[in-house]
Amino acid sequence: MTNSAILTVVDHPLVSHKITLLRDVRTEPGAFRALCREITFLIAYEALRDLPTKTVEVETPITTTEAISLRGPAPAIVGILRAGLIMVDAILELVPHGRVGHLGMYRDPETHLPVEYYGKLPTRIDEREVILVDPMLATGGSAVAAIDKLKTDGAKKIRLLSIIGCPEGVAAVHASHPDLPITLAALDERLNENAYIVPGLGDAGDRIYGTL
Ligand code: PRP
Ligand code: URA
């Protein structure tokens, strides 16, 4: 695992195997969605390792004991539309008490810059751990715009989970938000001339929703 305080690339045979299937151009949308969910479970295990906890008392059928519970208000799970939705659902299975935010953004096909078209965040975003999700971190434009918006609305504790990233995207996020932790399942080589990740998996939204 590449692991610094701000970039974690989860190195695990199951993640690598599933990423290979995800990359495969022959993988159909149903299988693609299932793989996105499974990879999200696996990387969330690492990405959420430092969620704050507290000690509580719990009564088992046998005795009363001290145990660990999550602390603080419910985390905010924020997905960048539309591809991020697949990861929101997976994180919600792990954190069912989470509150969900949506940020609508698409990349302009000519400029590759993000165009914002929707935003709805949970209340008290300033008090919550924010788990920002988007399968692809390419130029980083969408992630930076999303983090800017979250911080403008008061969010203080933000982490980003993506399935595939590239050096350009990581650098862009950390140029604007130096301390923001990023967790990836794979760090690819580079962007191509159309700002797609190489080798990547193509257009995540199109492959998830079958809109190719
Ligand atoms: C994809 C992806 C990210 C963005 C990444 O979304 O889900 O949001 O591209 O690229 P960037 O790092 O260069 O900003 P897209 O714009 O294709 O929209 P979609 O999810 O609606 O398909
Ligand atoms: N968005 C995607 O879905 N894939 C890429 O490779 C780049 C941006």
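Computed from a prediction, not measured in an experiment: that's the story for all the values here. Chains are numbered independently. Their residues run from 1 in the order of the written sequence. Labels are handed out in written order, letters beginning with A for the chains and numbers beginning with 1 for the ligands. Residues qualify for local features only when their pLDDT is at least 70, as the model is predicted, and side-chain atom pairs are given and counted only at 80 or more; totals for whole chains, interfaces and linings, by contrast, use all residues. Neither water nor hydrogens contribute to the side-chain values; these are computed over all heavy atoms in the structure.

1. Overview of the site of ligand 2
Here is step 1 of the chain: Only heavy atoms are used to decide nearness, and a residue is near a molecule or strand if one of them lies within 4 Å of it. Residues in close proximity to ligand 2 include Arg107, Met136, Ala138, Ala195, Tyr196, Ile197, Gly202, Asp203 and Ala204, which together make up its full environment.
Here is step 2 of the chain: Interatomic distance of 2.8 Å between a backbone N/O atom of Ile197 and an oxygen atom of ligand 2.
Here is step 3 of the chain: Accessible surface is estimated by sampling points in the Shrake-Rupley manner with a 1.4 Å probe; for residues, cover comes only from the protein chains shown. For ligand 2, the accessible surface in isolation is 230 Å², of which the surrounding protein chains cover 89%.
Here is step 4 of the chain: Only Asp, Glu, Lys and Arg are considered charged, only Ala, Val, Leu, Ile, Met, Phe, Trp, Tyr, Cys and Pro nonpolar, and every remaining residue, Gly among them, polar. When its residues are assigned to classes, the shell around ligand 2 shows 6 nonpolar, 1 polar and 2 charged. What qualifies as a polar contact is a pair of N or O atoms within 3.5 Å, subject to a donor-acceptor requirement within protein and to the restriction that residues adjacent in sequence count only when both atoms come from side chains.

2. With respect to the site of ligand 1
Here is step 1 of the chain: Close contacts around ligand 1 come from 17 residues, with Arg107, Asp134, Thr139, Gly140 and Ser142 the closest.
Here is step 2 of the chain: At 3.0 Å, a backbone N or O of Arg82 approaches an oxygen atom of ligand 1.
Here is step 3 of the chain: Contact distances for ligand 1 include 2.6 Å between an oxygen atom and a side-chain N or O atom of Ser142.
Here is step 4 of the chain: Bound to the protein, ligand 1 loses 92% of the 500 Å² it would expose on its own.
Here is step 5 of the chain: To qualify as a helix, a DSSP run of H or I must reach at least 4 residues; to qualify as a strand, a run of E must reach at least 2; elements of each kind are numbered from the N terminus. At the level of secondary structure, the elements contributing two or more residues to the shell around ligand 1 comprise β5 (76-81), β6 (99-107), β9 (136-137) and α4 (141-152).
Here is step 6 of the chain: With 3 residues, the single largest contributor to the shell around ligand 1 is β6.

3. Notes on the pairing of strand β8 (residues 129-133)
The two faces of a sheet get side chains in turn, since along a regular strand they alternate between them.
Here is step 1 of the chain: Of all 5 residues that make up β8, 5 are buried, and the element is covered over most of its length.
Here is step 2 of the chain: Burial of the side chains of β8 extends over both faces: Glu129, Ile131 and Val133 are buried on one face and Val130 and Leu132 on the other.
Here is step 3 of the chain: In this sheet, β8 lies alongside β5 in parallel orientation, the contact comprising 4 bridges. Directly across from Gly79, in β8, lies its bridge partner Val133. Under the scheme applied here, a residue whose accessible area is under 20% of the maximum for its type counts as buried, over 50% as exposed, and between as partly exposed, the area being computed with a 1.4 Å probe on protein chains only. In short, DSSP must find at least two bridges between two strands for them to pair.

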